[in-house]
Amino acid sequence: MSQSQIILLILAVVGVVFGIGVIFIGRRAKPAPRTTIAQQRATTTVVDTPVEAPVVTEPVVSAPVIEEPVADEAVVEAVVEEPVTRSVRERLSKARGALSGAVGSVLGRSGVDQSTWDDLEEALLRADVGVKVSKALLDDLRGRVKAKELSTPHEVIGALRSTMKSRLAGASRDLTFDSSLEGPNIWLMVGVNGAGKTTSLGKIAAQQVAAGRRVVMAAGDTFRAAAGEQLATWAERSGAEIVRGAEGGDPSSVIFDAVQSAGARGADLVLADTAGRLQSNTNLMEELRKVRRVAEKGTGRVTEVLLVIDATTGQNGLVQARQFAEATQVTGVVLTKLDGSAKGGIVFAIETELSIPVKLVGLGETIGDLVAFDPDEFVDALFD
């Protein structure tokens, strides 16, 4: 084969290879065929997910919070709501605790012996019944056991309960209101600071207004800071009217003005707060005597002098009762915080030794928790 033939053969081979390469490259660069929307829907699996409707949140407008002006923390505590279904027995759990252990111990014995009297005496003293009253109660029981009237522990406990009830029986516990007076009835509230005097006055005012009487409060405690403001808050809440004087002013003049104002307005009742700095302060006692004298210079008459005693003070309450009774002719006792004390036996000491009836007792913080004292219910609550 000649040289020219070889060259032609090489060129032919190169041409064939070049042509095959062009074809191959063209096929690789050719675009994929377009797929229509219909073809895509036909080849795609669609999962139907339920679409929730958009939640439209409307703006929430809060009710306005109206705050009443409160001048004293004691007033705030006094309007705290409590379940009204609580029984006297439940409320007197602490007072009952002073007797329950001894009663259980006595009832657990087979007979009556010296330990019976020891346990009962200790329990009565711990409950603040007082030495004199406790001795009288137990001496009576000992005599009845000796006379064979009582023989078992159950009979002794039953007799003790009955005797305690009888010692509280017969006293008039109604709040005195003389409807025949030309002027208003006047109820003086006396007692040491901290006993709950002003708060008790506010609760009584609310109860009397609810009973249909027109009430005027006299802010006669002009020496204690914020006492007037505290009473003004109670007046607003109870619907009573109030007469106030200058701080540090003469208490007698404030009460006199309140009585005059009540007479002019045709009010039925004046509830007069008084100072209570110290029960041993001679000047205070003289001041209280003056308050009573001045209060009755007009047409009004003092028909109640209520001594407010904190039950947690125990026998100190008896000392207070003696001194206030001498100065102001106390007609009744308001015993506060009885639900928080194990010293409820002070009721017996006050009534037996001083012949002053307990008329109202505080068993909680709300207005409705200042209730008329029921001796039978009280004694039963101590023993049950």
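Everything quoted here is computed from the prediction, not taken from an experiment.

Rules used in this analysis
Residues numbered from 1 in each chain as written. Predicted model: local features only at pLDDT ≥ 70, side-chain atom pairs only at ≥ 80, totals over all residues. Heavy atoms only, no water. Salt bridge = Lys/Arg side-chain N within 4 Å of Asp/Glu carboxyl O. Helix = DSSP H or I, 4+ residues; strand = E, 2+ residues; numbered from the N terminus. Phe/Tyr/Trp six-rings, centres within 6.5 Å; stacked < 30°, edge-to-face > 60°. Buried < 20%, exposed > 50% of the residue type's maximum accessible area, 1.4 Å probe, protein only. Patch = residues over 30% accessible without salt bridge, like charges linked within 9 Å, V, L, I, M, F, W, Y side chains within 5 Å. Areas by Shrake-Rupley, 256 points an atom, 1.4 Å probe, with all protein chains shown as cover. Lys, Arg positive; Asp, Glu negative; His and termini not counted. Charge placed at Lys NZ, Arg CZ, Asp CG, Glu CD. Pairing = 2+ DSSP bridges. Core = buried A, V, L, I, M, F, W, Y, C linked by side-chain atoms within 4.5 Å. Contact = heavy atoms within 4.5 Å. Axes fitted to C-alpha atoms, helices over the stretch in contact; angles between N-to-C directions. Parallel < 35°, antiparallel > 145°, perpendicular 65-115°, else oblique. Left-handed = near helix turned anticlockwise from the far one by under 90°. Nonpolar A, V, L, I, M, F, W, Y, C, P; charged D, E, K, R; others polar.

A. Expanded view of the pattern of salt bridges. On inspection of all chains with the given rule, the structure shows 19 salt bridges. The salt bridge partner of Asp380 is Lys165, with a shortest N-O separation of 2.8 Å. With a gap of 215 residues between them, Asp380 in helix 15 (residues 375-383) and Lys165 in helix 8 (residues 153-167) connect regions that are remote in the sequence. Here Glu241 ties to Arg265 by a salt bridge, and the two come within 2.4 Å at their closest N and O atoms. Separated by 24 residues along the polypeptide, Glu241 in strand 3 (residues 241-243) and Arg265 in helix 11 (residues 251-265) bring together distant segments of the chain. A network of salt bridges, in which partner residues are shared, links Lys197, Asp221, Arg224 and Asp273.

B. The packing of aromatic side chains, seen in detail. Under the counting rule described, the total for this entry stands at two aromatic pairs. Taking 6.2 Å as the distance between ring centres and 40 degrees as the angle between the ring planes, the aromatic pair formed by Phe348 and Phe378 counts as tilted. Taken together, the positions of Phe348 in helix 14 (residues 346-354) and Phe378 in helix 15 put the pair 30 residues apart, joining distant regions of the chain. Judged by relative accessible area, which is 0%, Phe348 ranks as buried. Among the aromatic residues, those joined into a cluster by ring pairs are Phe348, Phe373 and Phe378.

C. View of a negative patch on the surface. Together, Asp113, Asp118, Glu121 and Glu122 give the surface a local cluster of negative charge. Position of Glu122 among the secondary structure elements: in helix 6 (residues 114-126).

D. Quick look at the pairing of strand 4 (residues 269-273). Burial within strand 4 is extensive, with five of its five residues counted as buried. Neither face of strand 4 is open: one carries Leu269, Leu271 and Asp273, the other Val270 and Ala272, and all of them are buried. Bridge count between strand 1 (residues 185-190) and strand 4: five bridges; the pairing is parallel. Across the sheet, Asn185 pairs through a bridge with Leu269, a residue of strand 4. Sheet analysis places strand 2 (residues 215-218) next to strand 4, joined by four bridges and oriented parallel.

E. Region of the structure containing the nonpolar core. Grouped together as the largest cluster of nonpolar side chains are 91 residues, with contacts concentrated most on Leu335, Phe348, Phe378 and Phe383. Beyond its immediate stretch of four places on either side in the chain, Phe383 contacts Leu99, Val103, Ile157, Leu160, Arg161 and Met164.

F. The side chain of Lys197, seen in detail. Mapping Lys197 onto the fold places it in helix 9 (residues 197-210). Note on Lys197: relative accessible area 5%, which makes it buried. Apart from the residues within four sequence positions on either side, Lys197 is in contact with Met189, Val190, Gly191, Val192, Asp221, Asp273, Thr274, Ala275, Gly276 and Val308.

G. Up close: the environment of Val209. Secondary-structure assignment places Val209 in helix 9. Beyond its immediate sequence surroundings of up to four residues, Val209 is in contact with Val215, Ser238, Gly239 and Ala240.

H. The packing of helix 7 (residues 131-146) against helix 8, seen in detail. The contact between helix 7 and helix 8 brings their axes to 10 Å, and the two run at 135 degrees. In terms of orientation, helix 7 and helix 8 fall into the oblique class. Taken as a pair, helix 7 and helix 8 cross one another with a handedness that is right-handed. Between helix 7, through Ala136, Leu137, Asp140, Leu141, Arg144 and Val145, and helix 8, the contact on the second element is made entirely by Val156, Ala159, Leu160, Thr163, Met164 and Arg167. Counted by class, the contact of helix 7 with helix 8 contains eight nonpolar, one polar and three charged residues.

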